[in-house]
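# Structural overview for review
One-letter residues, chain by chain:
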Amino acid sequence: LIAGVVGVSVLWLAIISGRFERFLLGLLILSLPFSIDVLSASGASGGDVEAVGLSPVFLILCVLYPVWIARLMAAPLRLATVWPPGATPLACLVGWSALTMINAPDPSLTMRGVLALAKGFLCYLYVANHVKTRKDLRLVALCLTAGLLLESVIAGVQAMTGSTLGLEALGEREEDNPVIVRVGLDKVLRIGGTLGHPNNLGRYVASLLP
């Protein structure tokens, strides 16, 4: 019910903003570090694989793609125009990853990884086709920076308090399932922010800091 109210409110804000797609594009970039699963109200808190349920990224793409496809049907473009540089090797990577399910010890876990990779590819395909000007680039950079700062604050508070913050609905690990390692005689909490697992947080920060 809460997710439904939030979703309708977001669409209403996007409409009254007068820039529907641009609003949702910024929201898409901002929601990247939050491993939210709308159905279960928990994200990647159980392991090292991104949530692939009804996440905000997935739902936003489900709104943006039909609008984009309808516009393409109204004014057809060459495939070379829609297919940006770098898309072919990424598509091959998704396909090759899908083939690994044949001999995977845990096909369901592998499927989650492939779906997460495919979702990332769809994000890239949309952004590469809609970021055309300096203004567009500034919007993406601003949203990426805001998401990184917010995630850094959450991770910093986790590190200082030595515990989670009760943000399981945003993708944080559950309080009774932290990642703790032993360093000498001490136990250290490996922070994961709202990306669930410390490895996910590490990949996210390492990708964005440059």
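As shown above, the structure is provided for reference.
Residues numbered from 1 in each chain as written. Predicted model: local features only at pLDDT ≥ 70, side-chain atom pairs only at ≥ 80, totals over all residues. Heavy atoms only, no water.

## Describing the nonpolar core
Side chains that are nonpolar tend, in soluble globular proteins, to be buried together. Convention followed: The definition of a nonpolar core used throughout is a set of buried Ala, Val, Leu, Ile, Met, Phe, Trp, Tyr and Cys residues joined through side-chain atoms within 4.5 Å. Categorising residues by exposure relies on relative accessible area from a 1.4 Å probe, with only protein chains included: less than 20% of the type maximum marks a residue as buried, more than 50% marks it as exposed, and the intermediate range marks it as partly exposed. Numbered from the N terminus, helices here are DSSP runs of H or I no shorter than four residues, and strands are runs of E no shorter than two. Contact criterion: two residues are considered in contact whenever any of their non-hydrogen atoms come within 4.5 Å of each other.
Formed by 22 residues in total, the largest nonpolar core has its most connected members in Leu25, Leu28, Leu61, Tyr65, Trp68 and Tyr126. For this core, the secondary-structure elements that each account for two or more residues are helix 2 (20-30), helix 3 (56-74), helix 5 (87-99), helix 6 (107-130) and helix 7 (134-161). By residue number, the principal contributor to this core is helix 3, which donates six residues. Non-local contacts of tyrosine 65, meaning those with residues more than four positions away in its chain, are made with Leu122, Leu125 and Tyr126. By size, the runner-up hydrophobic cluster in this structure holds five residues, among which are Ala155, Leu195, Leu201 and Tyr204.

## Description of the pairing of strand 2 (residues 186-189)
Strand residues, when the strand is regular, have side chains that alternate between the two faces of the sheet. Test applied: By the convention used here, strands pair only if DSSP detects at least 2 bridges between them.
Note that strand 1 (residues 180-183) and strand 2 share four bridges and pair antiparallel. Residue pairing in the sheet places arginine 182 in a bridge with lysine 187 of strand 2. Adjacent in sequence and paired antiparallel, strand 1 and strand 2 are bridged by two residues, among which glycine 184 carries a positive phi angle near 65°.

## Comments concerning empty space enclosed by the protein
What counts is decided by this rule: The pocket and cavity definitions rest on a 1 Å grid over protein atoms only: a 1.4 Å probe that fits but cannot leave marks a cavity, an open set with protein on both sides within 12 Å along at least five of seven lines marks a pocket, and residues lining either have an atom within 4 Å of a point. Grid points are joined across faces, edges and corners, and a volume is the space filled by probe spheres set on the points. Any residue that is not Ala, Val, Leu, Ile, Met, Phe, Trp, Tyr, Cys, Pro, Asp, Glu, Lys or Arg is counted as polar, Gly included; the first ten are nonpolar and the last four charged.
In the structure shown here, the tally under the stated rule is two cavities of 30 Å³ or more. The calculated volume of the largest cavity comes to roughly 70 Å³. Of the residues that constitute the lining of the largest cavity, the class distribution is four nonpolar, five polar and three charged.

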